[in-house]
Amino acid sequence: MSLGVAVIGTGVMGAEHARVLREETPGAHLVGVYDADAARARAAAAGTVVFPDPHSLIASDRVDAIVVSSPDATHATLSRTCIELGKPVLCEKPLASSAAEALTVVEAEIAHGRRLIQVGYMRRFDRGYQEMKRVREAGGIGQPVLLHNIHRNARAPEWFTGQMSITNSFVHEIDISRWLLGSEMTSVQIAAGPNEDPLMITMQTEKGEIVSTEIFMNATYGYHVHAELIGREGTVALGPPSFTITNRNGAGGVSYPENWVPRFQDAYRRQMSQWVKAASGGTATGASAWDGYVASAIAEQVTEALVSRRATTLNYGRRPAFYA
Ligand code: ISE
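To start, this report covers the structure provided alongside it. In this convention, every chain numbers its residues from 1, walking through the sequence in written order. pLDDT decides what is reported in this predicted model: residues at 70 or higher carry local features, side-chain atom pairs at 80 or more are listed and counted, and totals for whole chains, interfaces and linings draw on all residues regardless. Excluded from the side-chain calculation are hydrogens and water; included are all heavy atoms of the structure.

What follows is about the site of the ligand. For each residue, the test is whether any non-hydrogen atom lies within 4 Å of the molecule or strand; if one does, the residue is near. Residues in contact with the ligand, as listed here, are K93, M122, H151, N153, N168, S169, H172, Y223 and W260. Here a polar contact means two N or O atoms within 3.5 Å. Within protein one must be a hydrogen donor candidate and the other an acceptor candidate, and residues neighboring in sequence count only if both atoms are side-chain atoms. For the ligand, an oxygen atom lies 2.7 Å from a polar atom in the side chain of N168. In the model, an oxygen atom of the ligand is placed 2.9 Å from a nitrogen or oxygen of the H172 side chain. Areas reported as accessible are Shrake-Rupley estimates using a 1.4 Å probe. Residue values count occlusion only from the protein chains shown. About the coverage of the ligand: the protein hides 90% of its 300 Å² of free accessible area. As defined here, a cavity is a set of points on a 1 Å grid over the protein atoms alone where a 1.4 Å probe fits but cannot get out. A pocket is an open set with protein on both sides within 12 Å along at least five of seven lines, and residues line them when an atom is within 4 Å of a point. To decide whether a molecule occupies a pocket or cavity, check its atoms: if more than half lie within 2 Å of the grid points, it is inside. More than half of the atoms belonging to the ligand lie within 2 Å of the grid points that define the largest pocket. A per-class count over the shell around the ligand returns three nonpolar, five polar and one charged. All amino acids are sorted into three groups, where Ala, Val, Leu, Ile, Met, Phe, Trp, Tyr, Cys and Pro are nonpolar, Asp, Glu, Lys and Arg are charged, and the leftover types, Gly among them, are polar.

Bringing the environment of E131 into the picture now. Each helix is a run of DSSP H or I of at least 4 residues and each strand a run of E of at least 2, with the numbering of both proceeding from the N terminus. Within the fold, E131 resides in helix α6 (residues 127-137). When the C-alpha positions of E131 and V236 are compared, they lie 8.9 Å apart, and in sequence the two are 105 residues distant.

Type-normalised accessible area, obtained with a 1.4 Å probe on protein chains alone, sets the label of each residue: buried when under 20%, exposed when over 50%, and partly exposed for intermediate values. Here strand β1 (residues 3-8) lies mainly inside the structure; six of its six residues are buried. Side-chain alternation along β1 places L3, V5 and V7 on one buried face and G4, A6 and I8 on a second face that is also buried. The handedness of a crossover follows from its direction of travel: if, with the strands pointing away from the viewer, the path from the first strand over the helix to the second runs clockwise, the crossover is right-handed. Between β1 and its parallel partner strand β2 (residues 28-34), the chain crosses via helix α1 (residues 12-23), and the hand of that crossover is right-handed. Across four bridges, the pairing between β1 and strand β4 (residues 65-68) is parallel. Following the sheet pairing, I8 is matched in β4 by V68. By this definition, two strands are paired if DSSP reports at least two bridges between them.

Right, let's get into the side chain of S242. The residue S242 is located in the loop between β12 (234-237) and β13 (246-248) in this model. The class for S242 is buried, based on a relative accessible area of 16%. A polar contact is formed between the side chain of S242 and the backbone oxygen of T244, at a distance of 2.9 Å. The contact rule is simple, with two residues in contact once any of their heavy atoms fall within 4.5 Å. Aside from chain neighbours lying at most four places away, what touches S242 is V254 and S255.

Two orientations exist for strands paired in a sheet by backbone hydrogen bonds: parallel and antiparallel. Read from one edge to the other, the open sheet built from seven strands follows the order β3-β2-β1-β4-β5-β6-β15, with strand pairing classed as mixed. The strands lining the two open edges of the sheet, one partner per strand, are β3 (49-50) and β15 (287-288). For helices, the axis comes from a line fit to the C-alpha atoms of the stretch in contact; other axes are also lines fit to C-alpha atoms, and the angle between any two N-to-C directions lies between 0 and 180 degrees. Of the strands in this sheet, β1, β2, β4, β5 (89-91) and β6 (117-119) touch helix α9 (residues 265-279), which is tilted by about 145 degrees from β4.

Time to look at the nonpolar core. Grouped together as the largest cluster of nonpolar side chains are 77 residues, with contacts concentrated most on Y129, M132, I166, I201, Y293 and I298. Considering each element in turn, this core owes the most residues, 11 residues, to helix α10 (residues 289-308). The source of the domain bounds is an automatic or database domain assignment. Of the domains in this structure, domain 1 (3-123 + 267-288) and domain 2 (126-258 + 295-323) are the two that each give at least three residues to this core. Excluding residues that lie within four positions of it along the chain, Y129 makes contacts with R123, I176, W179, L180, V225, A227, L238 and F264. Counting residues in each nonpolar core, the second largest holds 18 residues, with A28, V67, L90 and V276 among its members. What is meant by a nonpolar core is a set of buried Ala, Val, Leu, Ile, Met, Phe, Trp, Tyr and Cys residues, joined one to another through side-chain atoms within 4.5 Å.

Any Lys or Arg side-chain nitrogen found within 4 Å of a carboxyl oxygen on Asp or Glu counts as a salt bridge. The final tally for this structure, using the stated rule, is 20 salt bridges. We note a salt bridge from D35 to R40, for which the minimum N-O separation is 3.2 Å. Overall, R40 belongs to the partly exposed group, its relative accessible area being 40%. Of the charged contacts in the structure, one is a salt bridge between R269 and D266, with a shortest N-O distance of 3.4 Å. Separated by three residues within a single helix, R269 and D266 lie in helix α9, roughly one turn from each other. With a relative accessible area of 26%, R269 lands in the partly exposed category. Salt bridges linked by common partners bring E16, R19, R22, E23, E24, R127, D266 and R269 together as one network.

Below, the discussion takes up the sheet that holds strand β9 (residues 199-205). One open sheet holds the seven strands; their spatial order is β12-β11-β7-β10-β9-β8-β16, and the pairing between them is mixed. Sheet topology places β12 and β16 (312-313) at the edges, where each strand pairs with a single neighbour. Pairing analysis gives eight bridges linking strand β7 (residues 144-152) to strand β11 (residues 224-231), with the strands arranged antiparallel. Paired with P144 across the bridge in β11 is G231. Sheet strands touched by α10: β8 (185-192), β9 and β16. Its angle to β8, the strand with the most contacts, is close to 40 degrees.

Here we take up the packing of helix α7 (residues 162-181) against α10. Two numbers describe how α7 lies on α10: the axes approach to 8 Å, and their chain directions differ by 135 degrees. Relative to α10, the element α7 is oriented oblique. Between α7 and α10 lies a crossing of right-handed hand. Residues G162, Q163, I166, T167, F170, V171, I174, D175 and R178 of α7 touch α10, and the partners they reach there are W290, D291, V294, A295, I298, A299, V302, T303 and L306. Here the residues of the contact of α7 with α10 sort into 11 nonpolar, four polar and three charged. Any angle that is under 35 degrees is reported as roughly parallel, and any over 145 degrees as roughly antiparallel; angles of 65 to 115 degrees are reported as roughly perpendicular and all others as oblique. Handedness of a helix crossing follows the sense of rotation of the near helix relative to the far helix, less than a right angle counterclockwise being left-handed and clockwise being right-handed.

As structure tokens, this is what we get:
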């Protein structure tokens with residue numbers, strides 16, 4: 001039986017999720033969408049239903065599962081409504097706008113008694129990151145000591161602040177670093193360039209590993225995400241970001257996309273397929289509500305460290321047995 005999925009919010013990511021559901025997801029079909037902008041909703045719906053509001057979409061008998069890709073501030077409330085109706089959710093990152101709000105989703109899910117939330121930290125489905133994790137787990141680089149992350153956007157709107165670089169962009173490194181290393185982060189230190197761009201964030205894990213992350217929102221040349229994991233016996237890093245190398249005007253090299261959608265297209269597709277399998281009765285494989293909470297809780301404390309410029313101990317509690 002095909003899983004009926006509907007998408008709330010059809011901006012850049014929601015429109016892509018709707019397209020992936022229509023064209024590239026076996027075992028599921030797009031039932032319809034909701035967006036505050038009716039023209040945008042119609043375009044993403046591509047002939048399926050345009051719901052008049054998020055609540056009728058969630059409650060519809062035809063909708064078995066929901067993708068939440070509306071503005072960040074709405075994620076937690078919509079996720080909780082889906083939990084109340086017992087419907088699986090793929091919620092775009094971040095899970096909530098604050099740690100306290102993210103915790104309400106965790107608590108609602110635990111009270112419901114079944115895992116319904118997956119948070120869209122799609123890098124976990126990127127083949128490069130998966131290979132890095134496999135190599136580490138197989139002992140291929142010995143004991144990990146350092147993880148270098150680079151996260152560059154071509155440009156951000158003028159109103160984008162250092163705090164937003166943390167809650168909107170750096171949350172990816174929080175999640176992928178925990179996942180790659182299988183370690184929890186215990187402390188953070190931050191340095192900021194002019195106008196808080198770039199940021200250099202250094203975390204340390206419970207095992208003493210160092211995690212360095214450059215966040216640069218106006219790198220101009222393109223969207224570029226890179227990671228290198230250093231162990232006592234070797235290193236493993238992501239490969240080049242493009243499949244081809246171009247030579248032109250006396251220079252040669254790889255190409256960079258304008259934003260994250262082309263860079264992580266394959267990861268988004270694999271994330272959707274595996275979420276659909278889990279929502280149809282399989283086992284969840286992506287970031288849980290707990291992982292979403294931890295990313296938001298750390299991000300919140302990093303934004304405080306950005307203001308105080310002090311080295312900070314990170315606190316976010318222990319993983320409940322429900323998420324073991
Ligand atoms: C954006 O919101 C995303 O989620 C992208 O994955 C990230 O790389 C980018 O920096 C964010 O602004």
